[in-house]
Amino acid sequence: MNIVYIVIGLVFLVLGGNWLLKAAVAMSLKLNIPKIVIGMTIVSFATSAPELIVSIKSALDGATGLAVGNVIGSNIANLALVLAITVILSPIYVERSFYKTDWPVMMIASVMLYFFIVNDRTIQTYEGVILFGMLIVFLIYLLRFQKQAVVDEMPEDDEELPLYKIALFLVVGGLGLWGGSELLINGSVSLARNLGVSDAVIGVTVVSVGTSIPELAASVIAVLKKEKAISLGNLIGSNVFNILAVLGLTAIITPVEVKSDALSLINNDIYWMLGISFAILPLVFIPKGLRLGWRDGILLIISYVIFVYLTVS
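Figured I'd write up the structure that's included with this text. (Residues numbered from 1 in each chain as written. Predicted model: local features only at pLDDT ≥ 70, side-chain atom pairs only at ≥ 80, totals over all residues. Heavy atoms only, no water.)

## Points about the overall build of the chain
For clarity, the cut-off: Secondary structure elements follow DSSP: runs of H or I of four or more residues count as helices, runs of E of two or more count as strands, with numbering from the N terminus. Burial classes: relative accessible area under 20% of the type maximum marks a residue as buried, over 50% as exposed, and values in between as partly exposed (1.4 Å probe, protein chains only). Only heavy atoms matter for contacts: two residues are in contact if any of them lie within 4.5 Å across the pair. Throughout, the Shrake-Rupley method with a 1.4 Å probe supplies accessible areas, and for residues the shown protein chains are the sole cover considered. The sign given to each residue is positive for Lys and Arg and negative for Asp and Glu; His and the chain ends receive no count. The atoms used to mark charge sites are NZ of Lys, CZ of Arg, CG of Asp and CD of Glu.
Scanning the chain for helices and strands turns up 11 helices and four strands. When its C-alpha atoms are laid out on the principal axes, the chain stretches across 55 × 45 × 40 Å. In the chain, which comprises 313 residues, the proportion classed as buried is 53%. Within the chain, counting contacts between residues at least 6 apart in sequence, those at least 24 apart form 86% of the total. As displayed, the chain has an accessible area near 13,600 Å², and 69% of this comes from carbon and sulfur atoms. Within the chain, one finds 18 positive and 21 negative side-chain charges whose respective centroids are separated by 6 Å.

## Structural notes on the environment of Tyr5
With respect to the secondary-structure elements, Tyr5 resides in helix α1 (residues 2–31). Under the relative-accessibility criterion, Tyr5 is labelled partly exposed at 35%. Discounting chain neighbours no more than four positions away, the residues touching Tyr5 are Leu183, Leu184 and Gly187.

## Side note on a nonpolar patch on the surface
Threshold: Residues enter a patch when their relative accessible area is above 30% and they make no salt bridge; the linking distance is 9 Å between like charges and 5 Å between nonpolar side chains (Val, Leu, Ile, Met, Phe, Trp, Tyr). Between Lys or Arg on one side and Asp or Glu on the other, a salt bridge is scored when a side-chain nitrogen of the former is within 4 Å of a carboxyl oxygen of the latter.
Nonpolar side chains collect at one region of the surface, where Met1, Ile3, Val4, Tyr5, Val7, Ile8, Val11, Phe12 and Leu15 lie side by side and expose about 790 Å² of accessible area between them. With respect to the helices, strands and loops of the structure, Val4 is situated in helix α1. On the accessibility criterion, Val4 (39% relative accessible area) is partly exposed.

## Overview of the packing of aromatic side chains
In plain terms, the rule: Aromatic pairs are defined between Phe, Tyr and Trp rings, using the six-membered ring for Trp, whenever the two ring centres lie within 6.5 Å; interplanar angles under 30 degrees are classed as stacked, those over 60 as edge-to-face, and all others as tilted.
Scanning the entire structure with this criterion turns up six aromatic pairs. Their ring planes at 75° and their centres at 5.3 Å tell us that Tyr114 and Phe115 sit as a pair that is edge-to-face. Residue Phe115 is classed as exposed on the basis of its relative accessible area of 51%. For the pair Trp272 and Phe307, a centre-to-centre distance of 5.5 Å together with 55° between the ring planes defines the contact as tilted. One end of the pair, Trp272, is in helix α10 (residues 264–285); the other, Phe307, is in helix α11 (residues 294–312), with 35 residues separating them in the sequence. Phe307 sits in the buried class, given a relative accessible area of 6%. Through a chain of ring-to-ring contacts, the aromatic side chains of Tyr114, Phe115 and Tyr271 assemble into a single cluster.

## Observations concerning the side chain of Ser90
Tracing the chain through its elements places Ser90 in the loop between α3 (64–89) and β1 (92–93). With a relative accessible area of 9%, Ser90 lands in the buried category. In this structure, Ser90 is in contact with Val223 and Lys228, ignoring residues within four places of it in sequence.

## Notes on helix α8 (residues 213–224)
Operational definition: One less than the residue count of a helix, multiplied by 1.5 Å, gives the span that helix is expected to have.
When the terminal C-alpha atoms of α8 are compared, their 16 Å separation across 12 residues agrees well with the 16 Å that a helix rising 1.5 Å per residue should span. Burial analysis of α8 places 10 of its 12 residues in the buried class, the great majority of the element. Every buried residue of α8 is listed here: Ile213, Pro214, Glu215, Ala217, Ala218, Ser219, Val220, Ile221, Ala222 and Val223. Directly after α8, the chain includes Lys226, whose backbone phi takes a positive value near 65°.

## Quick notes on the side chain of Ser303
In this fold, Ser303 is placed in helix α11. Residues in contact with Ser303, not counting those within four places in the same chain, are Ala80, Trp272 and Ile276.

## Points about the packing of helix α2 (residues 35–60) against helix α9 (residues 228–253)
The following threshold applies: Axis definition: a line fitted to C-alpha atoms, limited for helices to the stretch in contact. Angles are taken between N-to-C directions and run from 0 to 180 degrees. What makes a crossing left-handed is the near helix being turned counterclockwise from the far one by less than a right angle; a clockwise turn instead makes it right-handed. Note on residue categories: nonpolar means Ala, Val, Leu, Ile, Met, Phe, Trp, Tyr, Cys or Pro, charged means Asp, Glu, Lys or Arg, and polar means any other residue, Gly included.
Two numbers describe how α2 lies on α9: the axes approach to 6 Å, and their chain directions differ by 35°. For α2 against α9, the interelement crossing comes out right-handed. Looking at the contact of α2 with α9 residue by residue, the class counts come to 16 nonpolar, 11 polar and two charged.

## With respect to the packing of α1 against α2
It is at 9 Å that the axes of α1 and α2 come closest, and there the two elements cross at 140°. Seen from above, α1 lies across α2 with right-handed handedness. Here Leu20, Ala24, Val25, Met27 and Ser28 of α1 lie close against α2, whose contacting residues are Lys35, Ile38, Ile42, Val43, Ala46 and Thr47. Each residue belonging to the contact of α1 with α2 can be placed in one class, and the counts come to eight nonpolar, two polar and one charged.

## Concerning the environment of Val105
Within the secondary structure layout, Val105 lies in helix α4 (residues 96–118). Among all residues touching Val105, those that are not within four sequence positions of it are Met134, Phe138 and Val240.

## Comments concerning α1
Look at α1: 42 Å from first C-alpha to last across 30 residues, which is about the 44 Å you get at 1.5 Å a residue. Asn32 lies just past α1 and shows a positive phi near 55°.

## So, the environment of Val256
Within the secondary structure, Val256 is located in strand β3 (residues 256–257). For Val256, a relative accessible area of 0% puts it in the buried group. Once you skip the residues sitting within four places of it in the chain, Val256 turns out to touch Thr64, Val68, Arg121, Thr122, Ile123, Thr250 and Ala251.

The structure is reproduced here in structure tokens:
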């Protein structure tokens, strides 16, 4: 049954990613706004929904540290694993607005999280309001001023859809990604346990990657269909959304505290998140300007393997 869950989960992920991509492209055409904006808003919201659900539920259950670990682990996986796989499959050429707007906002959000949590180990309610307020400002800026940040390779293949179909594909695609990731995670965890893999290894690998599976499915499908703006926008947007919306909203509901049994989050993991987030900028310029290619992907994958190894050991 575990194998069946994994296979069905993968099918749902592929279908959900396809439907979400169709909705994103059609919405970009309908509203006449850059695809990366759709990737950073609608698509990143849909793919970050698992993190939001897990974090709010954890906070309500009193396990607020899990909410922080969920976001930090997911942000590391989004860049060091998902983006890596995406650019290994196909290079992404970026425009100047990527390093003028998108990357700086992701870094500002990451640094804000660091300063909010490293001193008192708690994201207070007023800090949650600040985080969520920054998200609102960022979204308004995106919708009014953001330009295309990724070269559109095949604009002639874009398909217009009526509004009701866009809404349908959006909802069904988001549900497909969520349901597929749940089946895949549950099947993988059960299979790993049956094979004698320890809970520590499962936690750092399957579970931490699990909430990034929707981003992986959506981004890989977007890149294969030459919609790279949506792919990159989805990943950068998801990291911004995870910090500003997921932790912001969770802290508004109840202060988010990192307890003594999860101190590795602020002693180790958050530095990995900051380091990998920062590394994306030089990788865009080296060795070839305004491009992320397979070499960058391999470097990111290596950093992720090192992170997992050190965390497990």
